[in-house]
Amino acid sequence: MATLHVLSHSPFSDSRLSSCLRLLGANDGVLLSGDAVYALQGGTAQHQALELMPSSIGLFALDEDISARNIEPPQRVQVVDYPGFVALTCRFAKVNSWL
Amino acid sequence: MSKSVLIVSRQAPWAGPGAREALDIALAGGAFDLPLGLLFLDDGVFQLAPAQQPAALQQKDLAANLQALPMFGVGALYASARSLQERGLQEATLGLPVEVLDDASLTALFDRYDQVITL
């Protein structure tokens, strides 16, 4: 029962990302959208924490949000568009949106 | 067979509607006999702090609604041990009896439910 965790808040003002990372299952995925893509900002603890996730965990980010913020996606990240987002929600057994 | 739902309540009680809304979802789901769990995580554990006096903020007490959960069939109540410990709350003094779980047990808990709603 793998879960796709969808985050959309900045990890610098909020504990959603850190709580999510502590509770991740081995085959879960993390999708960053909106201000959550700031977690990919190079040289930050948040980015480092994402890089330290086991390789079994998929890391995804929404294309338009990283483009809008001029963030260079690290290699680890799979960039997806909205159809890709929808496909991901179908691929995982459930979706946990950290509202 | 209805799908089971884990509701994750992670907002403190008095600064916004999030805590009450999560509780309303739990009570409504319980009234419809949905198999529900309710997890207090992060600032959500402040909802369980004892002897709060929200009348000072012209707000209604959450305690009565929390106490109603078992009556609505929502008996699966959990709190994060880490969230409690970080915020200086002791299990023995909480306003509602909950099962306190460490991070590994929380991962297993998420796994057991069909759906998750985080507010």
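Residues numbered from 1 in each chain as written. Chains lettered and ligands numbered in written order. Predicted model: local features only at pLDDT ≥ 70, side-chain atom pairs only at ≥ 80, totals over all residues.

1. Digging into the overall build of chain B
So, step 1. Counting its regular elements, chain B contains 4 helices and 5 strands.
So, step 2. Traced from its N-terminal end to its C-terminal end, chain B shows the element sequence β-α-β-α-β-α-β-α-β.
So, step 3. Its C-alpha atoms give chain B a radius of gyration of 13 Å, near enough to 14 Å, the size a compact globule of 119 residues would have.
So, step 4. Principal-axis analysis of the C-alpha atoms places the extent of chain B at approximately 45 × 30 × 25 Å.
So, step 5. Within chain B, counting contacts between residues at least 6 apart in sequence, those at least 24 apart form 75% of the total. (Helix = DSSP H or I, 4+ residues; strand = E, 2+ residues; numbered from the N terminus. Rg over C-alpha atoms; globule rule 2.2 N^0.38 Å. Contact = placed C-beta atoms within 7 Å.)

2. What about the overall build of chain A?
So, step 1. Along the backbone of chain A there are 4 helices and 5 strands.
So, step 2. When the helices and strands of chain A are listed from N to C terminus, the series reads β-α-β-α-β-α-β-α-β.
So, step 3. For 99 residues, the compact-globule estimate of 2.2 N^0.38 gives 13 Å, and chain A sits close to it at 12 Å.
So, step 4. A separation threshold of at least 6 residues defines the contact pool for chain A, and within that pool the share at least 24 residues apart is 67%.

3. A few points about the interface of chain A and chain B
So, step 1. The partner chain B presents 12 residues to the 13 residues of chain A that form the contact.
So, step 2. Counting residues per element, the ones that place at least two in the side of chain A that touches chain B are helix H1 (16–23) and strand E5 (94–97) of chain A.
So, step 3. Residues belonging to the side of chain A that touches chain B are distributed by class as follows: 5 nonpolar, 6 polar and 2 charged. (Nonpolar A, V, L, I, M, F, W, Y, C, P; charged D, E, K, R; others polar.)

4. A short note on the environment of Pro97 of chain B
Residue and element names in this part refer to chain B.
So, step 1. Of note, Pro97 is situated in the loop between helix H3 (81–86) and strand E4 (99–101).
So, step 2. Of the residues examined, Pro97 has 10 C-beta atoms within 10 Å and is grouped as exposed.
So, step 3. For Pro97 and Val8, which are 89 residues apart along the polypeptide, the C-alpha to C-alpha distance reads 17 Å. (Buried ≥ 20, exposed ≤ 12 C-beta atoms within 10 Å, placed from the backbone.)

5. Some thoughts on the sheet that holds E5 of chain A
All names here are of chain A.
So, step 1. As summarised here, the arrangement of the 5 strands in space is E4-E3-E2-E1-E5, forming an open sheet in which the pairing is parallel. A single partner strand is all that each edge strand has here, and the edge strands are strand E4 (78–80) and E5. The sheet shows a mean angle of 25° between the axes of neighbouring strands, direction not considered.
So, step 2. One ladder, built from 4 bridges, connects strand E2 (residues 29–32) with strand E3 (residues 58–62); its direction is parallel. Opposite Val30, over in E3, you have Leu59 as the bridge partner. (Pairing = 2+ DSSP bridges. Axes fitted to C-alpha atoms, helices over the stretch in contact; angles between N-to-C directions.)

6. Side note on the sheet that holds strand E5 (residues 115–118) of chain B
Residues and elements named next belong to chain B.
So, step 1. Taken in spatial order, the 5 strands of this open sheet run E4-E3-E2-E1-E5, and their pairing is parallel. The open sheet has two edge strands with one neighbour each: E4 and E5. Within the sheet, the average angular offset between the axes of one strand and its neighbour, ignoring direction, is 25°.
So, step 2. As judged from the 4 bridges shared by strand E1 (residues 5–9) and E5, these two strands associate in the parallel manner. Directly across from Val8, in E5, lies its bridge partner Thr118.
So, step 3. In the packing of helix H1 (residues 18–31) onto the sheet, contacts are made with E1, strand E2 (36–40) and E5, and the angle to E1 comes to roughly 160°.

7. Some thoughts on the nonpolar core
Side chains of nonpolar character tend, in soluble globular proteins, to be buried together.
So, step 1. In this structure, Leu7, Leu32, Val37 and Ala39 of chain A together with Leu6, Ala26 and Leu38 of chain B are the most contacted members of the largest nonpolar core, which totals 49 residues.
So, step 2. The residues touching Leu38 of chain B, leaving out its near neighbours within four places in the chain, are Ile7, Ser9, Ala26, Leu69, Val74, Ala76 and Leu77 of chain B. (Core = buried A, V, L, I, M, F, W, Y, C linked by C-beta atoms within 7 Å.)

Geometry only, nothing functional implied.
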